[in-house]
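# Coordinate analysis (summary)
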Amino acid sequence: MFHWARMQQKLKYCLKTNSRVILIIRFYLNDIFLLIDRKLHVLIERITDMRRFIATVLSFCIVILCIPNLAADAAYVPDFTVSSESALLVSMDSGKIIYEKNADKQLYPASLTKIMTCLLVLEAIPEAELESTVITGKQYIFDELYLKGASHANIMANEQVRAIDLLYATMLRSACEAANMLADYVGNGGDDSIADSDNIPRFVNMMNAKAKELGATNTVFKNAHGLHEDEQVTTVHDLYKITKYAIDKYPLFLKIATTVQYTMPATNKHSQTRTISHTNPMLFKSNSNYYAYAKGFKTGTTTESGRNLISMAEYNNYNYLLITMKAPYKYDTGEIISDNLACLDH
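## Description of the overall build of the protein chain
Broken down by element type, the protein chain carries 9 helices and 9 strands. Per-residue burial over the protein chain gives 50% buried out of 346 residues. If you take every contact in the protein chain between residues at least 6 apart in sequence, the share linking residues at least 24 apart comes to 63%. Summing over all exposed atoms, the protein chain offers an accessible surface of approximately 17,000 Å²; the carbon and sulfur share of this is 52%.

Written as structure tokens, this is what we have:
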């Protein structure tokens, strides 16, 4: 470590004695330059790794702008390395697959799980009742998430929150407590004879039944929030089926998933409103990764899953959906990449 105080003492001494001044100064200047060189080298390496995944996704987005001239149906062969383990780029207008990589490989979904969670909530609660349906956060929901590093929207135990606000918290902030509250409520189905501990397992069974119904045959759900479980897996192809169904059947789902910021009203635990923001940095003009044609959609990251992202782009009335899974999560040194397009949510 470079010590400024030590250098100052040396220089003062040399100035007093008028000896070896140039030699000492040259020594410390050399030390400074070596230090700067090392720091810059490390910084450049980190920036390179950090940008790798960002460049991949943005490259896809830029290519999208050229695809309409090919009727959005042509196969695409990227001239760059796709760092994600699997990827799928689809025209939402024609349903044609433009690019795919390991589309049927089972991987961990992380918070992309929450798309199915929200889909089932929209099926269970009529849209007209989402604002009037108030759900209480039961203590056991928070006990399950304790010390797991779960992403959240600062919802508290015993807080009473409208279903519509929980949907926004689940999709925008990737809030695990919000997802669990919704799963608990829908899993119970208003049956007071069902024990609280059975509500979420019942909901997970509903998730798997819906996946099967939609033809997502390589998908298995074990929870409603996406925190890691070894047996909870899906594929980019299955995620496309689930996401496409939710978008087509529920316009509100698309509205929620593409909202950049949302204000939650005051509750019995929060005396003032609070604004939550989407976890996808491409949606914010103030972010260096801002992409004007991006819309929504959902991020998901755990140590085991790597970085997952579902994103949409719209240009000249052409619409595309891009799903990438297991992009790099750590540097080669093992250090977590803290600034990445997919963000850190769990």
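## Points about the pairing of strand β5 (residues 261-264)
Only one face of β5 is buried, namely the one carrying Y262 and M264, since none of Q261 and T263 on the opposite face is buried. In terms of strand pairing, β5 meets strand β6 (residues 274-277) through 4 bridges, oriented antiparallel. Counterpart to T263 in the pairing with β6 is T275.

## Remarks on the packing of helix α5 (residues 163-172) against helix α6 (residues 176-188)
At a minimum axis distance of 8 Å, the contact between α5 and α6 shows a crossing angle of 135°. In this view, α5 runs oblique relative to α6, as classed from their interaxial angle. In terms of crossing hand, the pair formed by α5 and α6 is left-handed. Between α5, through A163, L166, L167, A169 and T170, and α6, the contact on the second element is made entirely by A178, A179, M181 and L182. Tallied by class, the residues present in the contact of α5 with α6 amount to 8 nonpolar, 1 polar and no charged.

## What about the confidence of the model for the protein chain?
For any part of a model where pLDDT is low, the fine detail of the predicted coordinates should not be relied upon. Taken as a whole, the protein chain shows an average pLDDT of 82; of its residues, 73% reach a score of 70 or greater. Predicted confidence for residues 13-30 stays below pLDDT 50, and this span has 12 contacts to residues more than four positions away or in other chains. Note that pLDDT drops below 50 for residues 338-346; the model gives that stretch 48 contacts with residues more than four away or on any other chain.

## As for unusual backbone geometry
The omega torsion of the bond from G296 to F297 falls at 25°, within 30 degrees of zero and hence cis. Its location among the elements puts F297 in strand β7 (residues 294-302). Residue N154 is not a glycine yet carries a positive backbone phi of 60°. Along the chain, the position of N154 falls in the loop between α4 (139-145) and β4 (160-162). On the basis of relative accessibility, which here comes to 41%, the residue N154 falls in the partly exposed class. Non-glycine residue S174 carries a positive phi angle of around 55°. The topology assignment puts S174 in the loop between α5 and α6. Judged by relative accessible area, which is 0%, S174 ranks as buried.

## Digging into α6
Between its first and last C-alpha, α6 extends 18 Å over 13 residues, near the 18 Å set by a 1.5 Å rise per residue. By the criterion of burial, α6 is predominantly enclosed, with 12 of the 13 residues buried. The set of residues buried in α6 consists of C176, E177, A178, A179, N180, M181, L182, A183, D184, V186, G187 and N188. As for α6, its buried residues are in contact with α3 (114-124), β3 (134-136), α4, β4, α5 and α7 (196-213).

## Describing α5
Counting buried positions along α5 yields 10 of 10 residues, so the element is predominantly enclosed. For α5, the set of buried residues is A163, I164, D165, L166, L167, Y168, A169, T170, M171 and L172. Trailing α5 by a residue or two, S174 shows a phi angle of about 55°, which is positive.

## A closer look at the sheet that holds strand β1 (residues 86-91)
Spatial strand order, β2-β1-β9-β8-β7: 5 strands in an open sheet with antiparallel pairing. Strand pairing shows two members of the sheet lacking a second neighbour, β2 (97-101) and β7, which therefore form its edges. Direction aside, neighbouring strands of the sheet carry axes that sit 5° apart on average. Bridging between β1 and β2 involves 4 bridges; their strand directions are antiparallel. When the bridges of β2 are listed, L88 appears paired with E100. Across the sheet, helix α8 (residues 236-249) is in contact with β1, β7, β8 (306-315) and β9 (318-327); its angle to β9 comes to roughly 140°.

Rules used in this analysis
Residues numbered from 1 in each chain as written. Predicted model: local features only at pLDDT ≥ 70, side-chain atom pairs only at ≥ 80, totals over all residues. Heavy atoms only, no water. Helix = DSSP H or I, 4+ residues; strand = E, 2+ residues; numbered from the N terminus. Buried < 20%, exposed > 50% of the residue type's maximum accessible area, 1.4 Å probe, protein only. Contact = heavy atoms within 4.5 Å. Areas by Shrake-Rupley, 256 points an atom, 1.4 Å probe, with all protein chains shown as cover. Pairing = 2+ DSSP bridges. Axes fitted to C-alpha atoms, helices over the stretch in contact; angles between N-to-C directions. Parallel < 35°, antiparallel > 145°, perpendicular 65-115°, else oblique. Left-handed = near helix turned anticlockwise from the far one by under 90°. Nonpolar A, V, L, I, M, F, W, Y, C, P; charged D, E, K, R; others polar. pLDDT = per-residue confidence, 0-100. Expected span 1.5 Å × (residues − 1).

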